[in-house]
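For reference, the chains in residue letters:
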Amino acid sequence: MQSTVSRRGFVAGGATLSAGAIALLAGVPMRAHANPAADVKILNTALALEHEAINAYQLGAASGLLQKPVLEVAVKFQADHKAHRDALASTITKLGGTPVAEKKLDEYAKALRADTLKSQNDVLELAARLELGATNAYLGVIPSFADKQLAKVAARLAADEAMHWAILANALGKPLPGALSFGA
Amino acid sequence: MKAHASACLALALAAAGAAASDAQRGARLYEARCGGCHGVDEHRVGPKLRGVFGRRAGSAPGFAYSPALAASTLVLNEATLARWLADPEATIPGQAMGYRVDDARDRADLIAYLRGL
């Protein structure tokens with residue numbers, strides 16, 4: 001498959017998760033909490049998603065299929081997911097939970113069928129699919145949090161994933177989505 | 001009279017069609033809402049979903065379920081899947097899925113898709 005990704009089309013934009021956001025995540029559970037065990041389960045599912053995303057970008061970066069400017073953006077997005085991971089793990093610990101462990105890279109490779117990635121476009125399609133899935137997952141769990149501050153954090157994480165998806169979709173030449181398409 | 005009966009039949013058929021679950025729409029919903037965590041044939045953050053219809057909850061081999069789900073005796077059919085998707089925690093307390101499908105039509109279409117996997 002011929003890549004449709006151009007250096008100009010793949011904009012190396014987007015900010016990392018701010019120190020303020022990380023502080024917010026880390027400082028969330030400092031007050032009376034309605035149901036910490038239930039929130040920890042949701043946060044651990046989110047953490048498992050972040051582990052998967054980090055490893056997906058690792059598989060893409062190590063594939064040798066990405067052009068340099070695309071690789072730089074993939075590494076940047078992976079760094080965002082590592083920031084999400086650290087913030088989620090910290091919050092889970094503060095809530096008295098145990099952060100779910102990362103699996104081995106080989107396990108993610110099998111689950112994500114990394115052996116089928118044959119081109120830069122394949123890698124970007126996988127990344128876009130995972131980012132969109134994560135966006136919708138974060139949006140979908142917002143009503144389930146007992147702690148509204150955690151619901152807000154989920155919305156902020158969803159915004160990061162949506163930003164990633166938008167840049168990936170643009171690089172892949174996908175059409176703009178309709179209004180209210182995320183989470184629907 | 002004949003025309004009136006035909007019109008009534010057409011309306012009834014249209015209503016039946018509208019009420020019937022739509023597996024194709026369910027597939028699109030699955031991709032948008034479930035695909036972030038679940039694979040069809042691979043365990044990911046959630047268990048793989050091929051064969052989920054008709055099997056016992058928490059019984060897909062090779063997936064590390066929460067103790068609550070692993071101990072469940074719930075068999076997943078149309079009625080129980082609808083309950084599960086509407087409120088997983090109320091259906092099996094202590095499970096780990098925080099996602100709910102609020103709309104009954106969405107649940108029916110998702111179940112129609114899952115049934116065909």
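You'll find the structure just up there.
Scope of this entry: the structure provided in the associated data block. Residue positions are counted from 1 within each chain, in the order its sequence is given. Chain letters and ligand numbers both follow the written order, the letters beginning at A and the numbers at 1. Selection of residues for local features in this predicted model requires a pLDDT of at least 70, selection of side-chain atom pairs for listing and counting requires 80 or more, and totals for whole chains, interfaces and linings are taken over all residues. As a convention, hydrogens and water are excluded, and side-chain values are obtained from all of the structure's heavy atoms.

1. As for the overall build of chain B
Point 1. A run of H or I in DSSP becomes a helix once it reaches four residues, and a run of E becomes a strand once it reaches two; helices and strands are each numbered from the N terminus. When you go through chain B residue by residue, the secondary structure sums to 6 helices and 0 strands.
Point 2. Counting from the amino terminus, helix and strand elements in chain B follow one another as α-α-α-α-α-α.
Point 3. In this scheme, a residue with accessible area under 20% of its type's maximum is buried, one over 50% is exposed, and one in between is partly exposed, where area comes from a 1.4 Å probe on protein chains only. The buried share of chain B, taken over its 117 residues, is 41%.
Point 4. The long-range fraction of contacts in chain B, counting pairs at least 24 apart against all pairs at least 6 apart in sequence, stands at 42%.
Point 5. All accessibility values rest on the Shrake-Rupley procedure with a 1.4 Å probe; residue burial counts only the protein chains present in the view. Total accessible area computed for chain B in this model is approximately 6,200 Å², and 61% of it derives from carbon and sulfur atoms. Here, two residues are considered to be in contact whenever any of their heavy atoms come within 4.5 Å of each other.

2. Structural notes on the overall build of chain A
Point 1. Along chain A, the regular secondary structure elements total 6 helices and 0 strands.
Point 2. Along its sequence from the N terminus, chain A presents helices and strands in the succession α-α-α-α-α-α.
Point 3. Burial analysis of chain A (184 residues in total) assigns 50% to the buried set.
Point 4. Long-range contacts, defined here as pairs at least 24 residues apart, represent 85% of the contacts in chain A between residues at least 6 apart.

3. A closer look at the environment of Ala96(B)
Point 1. Among the secondary structure elements, Ala96(B) is positioned in the loop between helix H5 (88-91) and helix H6 (104-115).
Point 2. Judged by relative accessible area, which is 30%, Ala96(B) ranks as partly exposed.
Point 3. Sequence separation between Ala96(B) and Ser66(B) is 30 residues; the distance between their C-alpha atoms is 6.5 Å.
Point 4. Contact partners of Ala96(B), with chain neighbours within four places excluded, come to Lys41(A), Thr45(A) and Ser66(B).

4. Comments concerning the interface of chain B and chain A
Point 1. Contacts between the two partners involve 15 residues from chain B and, on the opposite side, 22 residues from chain A.
Point 2. A 1.4 Å probe defines the accessible area here, and the buried area is the portion of it lost by two parts on being joined, summed over both. For the pair chain B and chain A, the two sides together bury roughly 1,500 Å², of which 53% comes from carbon and sulfur.
Point 3. Its largest share of buried area at the contact with chain A, chain B owes to Arg44(B), Val45(B) and Tyr99(B), together 32% of the area lost on that side.
Point 4. When a carboxyl oxygen of Asp or Glu lies within 4 Å of a side-chain nitrogen of Lys or Arg, that pair is called a salt bridge. The shortest N-O distance in the salt bridge between Arg44(B) and Glu52(A) comes to 2.7 Å.
Point 5. Side-chain atoms alone can form a polar contact between residues adjacent in sequence; in general such a contact is a pair of N or O atoms within 3.5 Å, and within protein one must be able to donate a hydrogen while the other accepts it. The tally of links between chain B and chain A comes to 6 residue pairs in polar contact (both at pLDDT 80 or more).
Point 6. Taken together, the residues that form the side of chain B that touches chain A break down as 5 nonpolar, 5 polar and 5 charged. Residues are grouped as follows: Ala, Val, Leu, Ile, Met, Phe, Trp, Tyr, Cys and Pro are nonpolar; Asp, Glu, Lys and Arg are charged; all remaining types, including Gly, are polar.

5. A word on the packing of helix H2 (residues 36-61) of chain A against helix H5 (residues 120-141) of chain A
All names here are of chain A.
Point 1. A fitted line through C-alpha atoms represents every axis, and for helices the fit uses only the stretch in contact; the resulting angles, taken between N-to-C directions, go from 0 to 180 degrees. Two elements in contact, H2 and H5, have axes whose closest approach is 10 Å; the angle formed by their N-to-C orientations is 170°. Regarding the angle of H2 to H5, the classification is roughly antiparallel. Of the residues in H5, those touching H2 at Ile42, Ala46, Leu49, Glu50, Glu52, Ala56, Tyr57 and Gly60 are Val123, Ala127, Leu130, Glu131, Ala134, Ala137, Tyr138 and Val141.
Point 2. Partitioning the contact of H2 with H5 into residue classes produces 12 nonpolar, 1 polar and 3 charged. When an angle is under 35 degrees it counts as roughly parallel; over 145 it counts as roughly antiparallel; between 65 and 115 it counts as roughly perpendicular; any other value is oblique.

6. Concerning H5(A)
Point 1. Expected span of a helix, by definition, is 1.5 Å for each gap between consecutive residues, and there is one gap fewer than residues. Taking 1.5 Å as the rise per residue, H5(A) with 22 residues should run 32 Å; its terminal C-alpha atoms sit 32 Å apart, in good agreement.
Point 2. With 18 of its 22 residues buried, H5(A) lies for the most part within the structure.

7. With respect to the packing of aromatic side chains
Residue and element names in this part refer to chain A.
Point 1. The pairing test for Phe, Tyr and Trp rings, Trp by its six-membered ring, is centres within 6.5 Å, and the orientation test on the planes gives stacked under 30 degrees, edge-to-face over 60, and tilted for anything in between. According to the stated counting rule, one finds 4 aromatic pairs over all chains in the structure shown.
Point 2. Judged by centre distance (5.5 Å) and plane angle (85°), the rings of tryptophan 165 and phenylalanine 182 are edge-to-face. Taken together, the positions of tryptophan 165 in helix H6 (residues 148-171) and phenylalanine 182 in the segment after H6 put the pair 17 residues apart, joining distant regions of the chain.
Point 3. Under the relative-accessibility criterion, tryptophan 165 is labelled buried at 10%.

8. Regarding the side chain of Thr91(B)
Residue and element names in this part refer to chain B.
Point 1. Note that threonine 91 resides in helix H5.
Point 2. Polar side-chain contacts of threonine 91 include one of 3.0 Å to the backbone oxygen of arginine 83.
Point 3. For threonine 91, the side chain forms a polar contact with the main-chain oxygen of aspartate 87, separated by 2.8 Å.
Point 4. Setting aside its immediate chain neighbours within four residues, threonine 91 contacts Leu74, Arg83 and Trp84.

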